[in-house]
Structures are given as structure tokens and as C-alpha cells.
Amino acid sequence: MFVDSHCHLSQLKLQQNQMLADVIEAANNENVRGFLSVATDIDNALAIQQQAHTLKNVWVTAGLHPLHPISDPAWHKQLEALALHQSCVAIGETGLDYYYAREKDAQQWQRDALEYHIDLSNKLGKPLVIHTRNAQQHTLDILKANVKSDKPGVIHCFTEDLKLANSFLELGFYISFSGIITFKNAQSLRDVVKQIPLERILIETDSPYLAPEPFRKESNVPQYVVEVAKCISLIKNEPIEHIARQTTVNFENLFDLKVS
Ligand SMILES: [Zn+2]
Ligand SMILES: [Zn+2]
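Residues numbered from 1 in each chain as written. Chains lettered and ligands numbered in written order. Predicted model: local features only at pLDDT ≥ 70, side-chain atom pairs only at ≥ 80, totals over all residues. Heavy atoms only, no water.

Section: the coordination of the zinc ion (ligand 2)
Right, on to step 1. Surrounding the zinc ion (ligand 2) are the protein donor atoms His-6 (NE2), His-8 (NE2), Glu-93 (OE) and Asp-206 (OD), at 2.1 to 2.3 Å.
Right, on to step 2. Around the zinc ion (ligand 2), the 4 donor atoms sit at angles spanning 83 to 179°, and that spread fits a shape best called irregular.
Right, on to step 3. Mapping the donors of the zinc ion (ligand 2) onto the primary sequence gives the spacing H-x1-H-x84-E-x112-D.
Right, on to step 4. A distance of 3.5 Å spans the gap from the zinc ion (ligand 2) to the zinc ion (ligand 1), which Glu-93 bridges by coordinating each metal. Here His-6 is found in strand S1 (residues 2-7), whereas its partner Asp-206 is found in the loop between strand S8 (201-203) and helix H8 (225-236), with 200 residues between them in sequence. (Donors = N, O, S within 2.8 Å, 3.2 Å for Na, K, Ca; no water. Tetrahedral: all angles 85-135°; square planar, octahedral: opposite > 155°, others 65-115°. Helix = DSSP H or I, 4+ residues; strand = E, 2+ residues; numbered from the N terminus.)

Below is the structure:
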């Protein structure tokens, strides 16, 4: 059994007459059984909560993506209310993305928002889903200074180097890999995968973005998480069943749930 530890179910590009339940069923047919539907703003956090209760083994998060800044401070309260919901198992995605946010004000907003999400995570005992790009030192410094749990969350769609991965592992984070590891030009990232213990790895699609090879030209869907697992199986030279089992156990441990 596989799980997709990071997808955006409310943002999938459904075909005509296709329902979200059909996407989940297609994934189930590939033995992909558990899904974490990740919020990027207040509106879709609400939407995915409503979707989650009609679907089996779908859990959600509450968070504001670093590239979706809101100036109205009322979002703090709204987010907290969403985070309290029983289907919500994690806080995020949150983090720093200086690749797209080049201006100082935007970067400051990201740092403040990240600290708020960490406080909420500490307060509610729900782990973090962290997004980080081109902001290695700041991400690490803020996490080090603020996280309190010894199982604080996951660094999702990891694309940075081994040194940074090791620093996150030391803080207790899991590292999640997406379809990017299947890309031809991602050899250095595959070398990182090789060095990370399987007990600390999660797999994800980040769908509808980042479809893996050989589906790269398509819109991504949760069932393609199997391609990520296949790639890890090749890198680590271990049977895919083992990769599937261990990444599912990791997912259950981190988010304190059971995929049935
Ligand atoms: Zn992200
Ligand atoms: Zn995402």
C-alpha cells in the first residue's frame, strides 16, 4: 500500500464529468490508499475539509503557503479555527520561498507567518508541513529556534543538498520526495535520497504540479506517487513493497493516524 503524503486535492484539474471520488478510486486501483490534502490558503483549507469528509483515508492540513501572503491579520484566527478541526492532522504548508519572493517585505511576511504556524503546531500538537526553497539558512534558524516537538513535521518536496537534509533530520523532521527525483537532470537529488534512511522518508506527488516521469507532460494526480516509490526502490536497491510499507508506516507515525 502506498500513500500520497502531499497533494492538493481541491486544485486538481478534473476532466469533464470526473469527480474527486473518481480520482481517489483510480489511485486506490494502483494501491494508493492514503492522502494528505494540503491547504495553501484559507479558502482551499475550507474546501478540502468539506471534501475530506466524503472520502475515505483523506486527511487535511491548515496553512498559508509562503507565496500566498495575506495582509489582513484576521487570518491568524481563521487558520486556528480550521486547524482545530478533527480532519486536520497538520499545520501547513508554510515556510520560506525566496526563489519567487525576492522583495524584503515579502520575505519578512514569510518569516513571520512561518513563526506563527510553528507556534500553532506547538500549541495544538499537530506536526508541520514545511516548504523551503532558496532560503536554507533562514528556514533552519527559524525551525531550530521555535520547534518544540521531537517529531516536528516534514520538509516536503525536498530539492536541496545533503547537508541541509541532515540538519533537518537532526531536528527530527521527515524528508518527503516528489516526482522531481524521477527527472533526468536530478541526479544530485537522487544521491541525496540514497543517503537518507528510509525510516525518515515520505513520498508525495504535490499534484496537480510536478508530474513524475514518464507522465511529465500530464497534469499530476495522486496515483503517480507509485512512480516516486519506484524511483526510490531503484536508488536504494530495495523491493518496492518495502518502500511502500515503510513510507506508509512513516506517514502513520508522523501524522498519528491509521490508513485502512
Ligand atoms: Zn510546497
Ligand atoms: Zn504543495
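Things to note about the layout of surface pockets
Remark: the empty space left among the atoms is shown by a probe the size of a water molecule rolled over them.
Right, on to step 1. Taken as a whole, the largest pocket holds about 480 Å³ of empty space.
Right, on to step 2. Taken together, 20 residues form the lining of the largest pocket, with Asp-97, His-131, Arg-133, Asp-206 and Leu-210 sitting closest to its centre.
Right, on to step 3. Those elements giving two or more residues to the lining of the largest pocket turn out to be strand S4 (88-97) and strand S5 (128-133).
Right, on to step 4. Among the residues forming the lining of the largest pocket, the class breakdown is 7 nonpolar, 9 polar and 4 charged.
Right, on to step 5. The computed volume of the second largest pocket comes to approximately 270 Å³.
Right, on to step 6. Lining the second largest pocket are 18 residues, and of these Gly-125, Lys-126, Pro-127, Lys-151 and Leu-254 sit closest to its centre.
Right, on to step 7. At the level of secondary structure, the elements contributing two or more residues to the lining of the second largest pocket comprise S4, helix H4 (104-124) and helix H9 (240-255).
Right, on to step 8. Considering every element that reaches the lining of the second largest pocket, the biggest residue donor is H9, with 3 residues.
Right, on to step 9. For the lining of the second largest pocket, a count of residues per class yields 8 nonpolar, 6 polar and 4 charged. (1 Å grid on protein atoms, 1.4 Å probe; cavity = no way out; pocket = protein on both sides within 12 Å on 5 of 7 lines; lining within 4 Å. Points joined across faces, edges and corners; volume = space filled by probe spheres on them. Nonpolar A, V, L, I, M, F, W, Y, C, P; charged D, E, K, R; others polar.)

Description of the environment of Ile-48
Right, on to step 1. Residue position: Ile-48 is located in helix H2 (residues 42-52).
Right, on to step 2. Judged by its relative accessible area of 1%, Ile-48 falls in the buried class.
Right, on to step 3. As for Ile-48 and Leu-36, which are separated by 12 residues in sequence, their C-alpha atoms are 10.0 Å apart.
Right, on to step 4. Once residues within four sequence positions are removed from consideration, Ile-48 is found in contact with Ser-10, Ser-37, Val-38, Ala-39, Val-60 and Thr-61. (Buried < 20%, exposed > 50% of the residue type's maximum accessible area, 1.4 Å probe, protein only. Contact = heavy atoms within 4.5 Å.)

Brief notes about the nonpolar core
Inside soluble globular proteins, nonpolar side chains tend to come together where they are buried.
Right, on to step 1. By size, the foremost hydrophobic cluster in this structure holds 72 residues, and its most contacted members are Leu-143, Phe-158, Phe-168, Ile-175, Phe-177 and Ile-232.
Right, on to step 2. Take this core: its biggest share by element is 7 residues, from H8.
Right, on to step 3. Once residues within four sequence positions are removed from consideration, Phe-177 is found in contact with Phe-158, Leu-189, Val-193, Ile-196, Ile-201, Leu-202, Ile-203, Glu-204 and Val-228.
Right, on to step 4. Residues Val-89, Leu-202, Phe-251 and Leu-254 belong to the second largest nonpolar core, which totals 15 residues. (Core = buried A, V, L, I, M, F, W, Y, C linked by side-chain atoms within 4.5 Å.)

Section: the packing of aromatic side chains
Here a ring pair, both rings aromatic, is described through the centre-centre distance and the interplanar angle of the planes.
Right, on to step 1. In total, this model carries 9 aromatic pairs according to the counting rule given.
Right, on to step 2. Aromatic ring contacts, followed pair by pair, group Phe-158, Phe-168, Phe-173 and Phe-177 into a single cluster.
Right, on to step 3. Arg-200 extends its terminal NZ or CZ atom over the ring of Tyr-174, reaching a point 6.0 Å from the ring centre.
Right, on to step 4. When the ring centre of Phe-183 is taken as reference, the NZ or CZ atom of Arg-216 above it lies at 3.5 Å. (Phe/Tyr/Trp six-rings, centres within 6.5 Å; stacked < 30°, edge-to-face > 60°. Lys NZ or Arg CZ within 6 Å of the ring centre and 35° of its normal.)

Quick word on helix H6 (residues 162-170)
Right, on to step 1. Of all the residues in H6, the buried ones are Leu-164, Ala-165, Ser-167, Phe-168 and Leu-169.
Right, on to step 2. At its buried positions, H6 is contacted by S5, helix H5 (136-146), strand S6 (153-155), strand S7 (174-177) and helix H7 (187-195).
Right, on to step 3. Following H6 by one or two positions, Gly-172 adopts a phi angle in the positive range, close to 100°.

Structural notes on the sheet that holds S5
Right, on to step 1. Reading across the sheet, the 8 strands line up as S1-S2-S3-S4-S5-S6-S7-S8 and stay open at both edges, with parallel pairing between neighbours. In this open sheet, the two edge strands, each paired with only one partner strand, are S1 and S8. Adjacent strand axes in the sheet meet at a mean angle of 30°, parallel and antiparallel pairs treated alike.
Right, on to step 2. Two strands pair when backbone bridges link them, and S5 and S6 are joined in this way by 3 bridges, in the parallel orientation. What sits directly across from Ile-130, in S6, is Ile-155.
Right, on to step 3. Contacts between helix H1 (residues 20-29) and the sheet are confined to strand S2 (32-37) and strand S3 (58-62), with S2 contributing the most and set at about 135° to the helix.
Right, on to step 4. Sheet contacts for H8: S1, S2, S7 and S8; angle to S8, the most-contacted strand, approximately 145°. (Pairing = 2+ DSSP bridges. Axes fitted to C-alpha atoms, helices over the stretch in contact; angles between N-to-C directions.)

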